[in-house]
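Remarks on the overall topology
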Amino acid sequence: MKAVIPIDKTEILKRYKPINAHTHKGIQGHALIIGGSYGKIGAMTLASMACLKTGCGLVTVFLPRCGYRVLQIANPEVMVLTDIAVKYISKIILNFVPQAIGLGPGIGQDIETHTAIHRFIKTNTVPLVIDADGLNIMAQNKDWLTFLPKKTIFTPHQKELERLIGNWDSEADKFKKTIAFSKQNNLILVMKGAPTYIIDGDAIYKNTTGNAALATAGTGDVLTGMITSLMAQSYEPIDAAILGVYLHGLTADIALPETGYQSFIASDVIKYIGKAYLSLEK
Ligand SMILES: NC(=O)C1=CN([C@@H]2O[C@H](COP(=O)(O)OP(=O)(O)OC[C@H]3O[C@@H](n4cnc5c(N)ncnc54)[C@H](OP(=O)(O)O)[C@@H]3O)[C@@H](O)[C@H]2O)[C@@H](O)CC1
Ligand SMILES: Nc1ncnc2c1ncn2[C@@H]1O[C@H](COP(=O)(O)OP(=O)(O)O)[C@@H](O)[C@H]1O
Ligand SMILES: [Mg+2]
């Protein structure tokens, strides 16, 4: 196994690209987040707002019709496309080509959603981040992995990882299996946890930011929005994963003296993204 590379400020400053004064929203990238189902539209409001606040110029969501008003009211800066179905995603139809796509927050596991994802990934060539039930659906259909663009980013928590790679009998075995999965399918795995590791073939990165305040509903959905945003801003997938994970953890470190562990929620990650970015300029 290769040496583990710490994701610290030195590593981040090698990859971080400050904003050009002459940029405009078109240059900053257009990201798309696909997901949501009845009762889990919140995952989409969180992911799409995190996406915008991480710096991409335009964000569109694709969600079931029941999410339309919720999204427009909660996040007026975000544009909305809706499925024909009311409560779940059944057929993904887009009217533009985004620079990056985040797939899965709150998407659920309706059988029609399986079919919609299958059809979508068969033709999609846009850089992709897959999370949550998007991962659970891929885990049940491993032969679909060949359709994914190379260096697609998977962001599983422990349970989702297990569904993808099977059980492990030790930490070393978990890494061995995750590395094999990454190499076999040419994917980047963000192994969420405390701490989070990123696996890109044989390369292993270990995050140095974040704390137990992040153990709250929706923080993973927020991370998906952040990484998708960075990919839409033309970061290479591995750089987007590394910078996204680092900034996400940093929000909790900066917020902690003000919020404490217990009262920190996923919206606070979004609230502190600005301060996390500013700390890179110091
Ligand atoms: N507001 C909204 O709309 C929200 C919507 N959301 C959406 O809900 C959907 C379901 O997502 P989900 O992750 O809750 O369900 P699921 O994959 O069954 O995992 C749960 C089980 O996995 C385990 N587990 C989890 N983390 C672990 C860890 N770090 N380390 C170890 N184990 C861990 C744990 O198992 P246990 O330990 O209890 O055996 C737990 O019971 C998804 O689409 C998501 O986007 C949510 O994001 C919330 C906010
Ligand atoms: N104790 C902890 N310390 C550091 N980070 C944590 C801790 N618990 C959870 N996290 C982070 O919070 C996020 C949770 O993601 P996830 O389980 O997908 O949540 P959700 O599906 O509710 O959005 C991950 O980025 C994970 O690394
Ligand atoms: Mg999650």
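Residues numbered from 1 in each chain as written. Chains lettered and ligands numbered in written order. Predicted model: local features only at pLDDT ≥ 70, side-chain atom pairs only at ≥ 80, totals over all residues. Heavy atoms only, no water.

The line we're drawing: UniProt positions are given in the numbering used here, feature names are shortened, and annotations may be inferred rather than shown by experiment.
Where an unreviewed UniProt entry is consulted, the protein chain appears under the name ADP-dependent (S)-NAD(P)H-hydrate dehydratase, with the organism given as Flavobacterium nackdongense. Per its UniProt entry, the protein chain bears the Sequence similarities (unreviewed entry) comment "Belongs to the NnrD/CARKD family." The UniProt entry for the protein chain carries the following comment under Cofactor (unreviewed entry): "Mg(2+)".

**Points about the overall build of the protein chain**
Keep this limit in mind: Think of it this way: any DSSP run of H or I at least four residues long counts as a helix, any run of E at least two long counts as a strand, and we number them from the N terminus. As a reference, a globule follows 2.2 Å times the number of residues to the power 0.38, and the radius of gyration itself is taken over C-alpha atoms. Buried, partly exposed and exposed residues are distinguished by accessible area as a fraction of the type maximum, computed with a 1.4 Å probe on protein chains only: under 20%, between the cut-offs, and over 50%, respectively. Only heavy atoms matter for contacts: two residues are in contact if any of them lie within 4.5 Å across the pair. Areas reported here follow the Shrake-Rupley algorithm with a probe of radius 1.4 Å; residue values treat only the protein chains shown as occluding. This count recognises Lys and Arg as positive and Asp and Glu as negative, with His and chain-terminal groups excluded. Where a charge sits is defined by one atom per residue type, namely NZ (Lys), CZ (Arg), CG (Asp) or CD (Glu).
Within the protein chain, the secondary structure is distributed over 11 helices and 10 strands. A globule of 282 residues ought to have a C-alpha radius of gyration of about 19 Å, and the protein chain, at 17 Å, matches this closely. The C-alpha extent of the protein chain, read off along each of the three principal axes, is 45 × 45 × 40 Å. Expressed as a percentage of the 282 residues in the protein chain, the buried residues total 58%. Relative to all contacts within the protein chain whose residues are 6 or more apart in sequence, the contacts with residues 24 or more apart total 67%. For the protein chain, the computed accessible surface area is about 12400 Å², with 55% contributed by carbon and sulfur atoms. In the protein chain, 28 side chains carry a positive charge and 23 a negative one; their mean positions are 3 Å apart.

**Considering the site of ligand 1**
The test is simple: Whether a residue is near a molecule or strand depends on its heavy atoms: if one lies within 4 Å, it is near. Polar contact criterion, stated in full: a pair of N or O atoms within 3.5 Å, where within protein one must be able to donate a hydrogen and the other to accept it, and residues adjacent in sequence count only if both atoms are side-chain atoms. Side-chain classes are defined by residue name, with Ala, Val, Leu, Ile, Met, Phe, Trp, Tyr, Cys and Pro counting as nonpolar, Asp, Glu, Lys and Arg as charged, and the others, Gly among them, as polar.
Around ligand 1, 16 residues are found, and the nearest of them are Ala43, Gly106, His157, Arg163 and Asp221. Asp133 has a polar side-chain atom sitting 3.2 Å from an oxygen atom of ligand 1. Here an oxygen atom of ligand 1 and a side-chain polar atom of Asp221 are 2.7 Å apart. Starting from 920 Å² of accessible surface for ligand 1 in isolation, the protein chains cover 53%. Counting residues per element, the ones that place at least two in the shell around ligand 1 are helix H2 (42-53), helix H5 (132-139) and helix H6 (158-165). Here the element with the most residues in the shell around ligand 1 is H6; it accounts for 4 residues. Across the shell around ligand 1, the residue classes tally to 4 nonpolar, 6 polar and 6 charged.

**Some words on the UniProt feature "domain: YjeF C-terminal" (unreviewed entry) in the protein chain**
The sites that carry the UniProt feature "domain: YjeF C-terminal" (unreviewed entry) are, in the present numbering, residues 8-280. The straight-line gap between the two end C-alpha atoms of residues 8-280 is 11 Å; of that span, 44% is helix and 14% is strand.

**Some details on the site of ligand 2**
The local shell around ligand 2 holds 15 residues, among which Lys192, Gly193, Gly218, Gly220 and Asp221 are the closest. Lys192 places a polar side-chain atom, nitrogen or oxygen, 2.7 Å from an oxygen atom of ligand 2. Summarising the interface, the protein chains cover 75% of the accessible area of ligand 2, which totals 580 Å² for the free molecule. Of the residues forming the shell around ligand 2, the biggest block, 3 residues, is contributed by helix H8 (residues 219-232). In the shell around ligand 2, the residues fall into 5 nonpolar, 8 polar and 2 charged.

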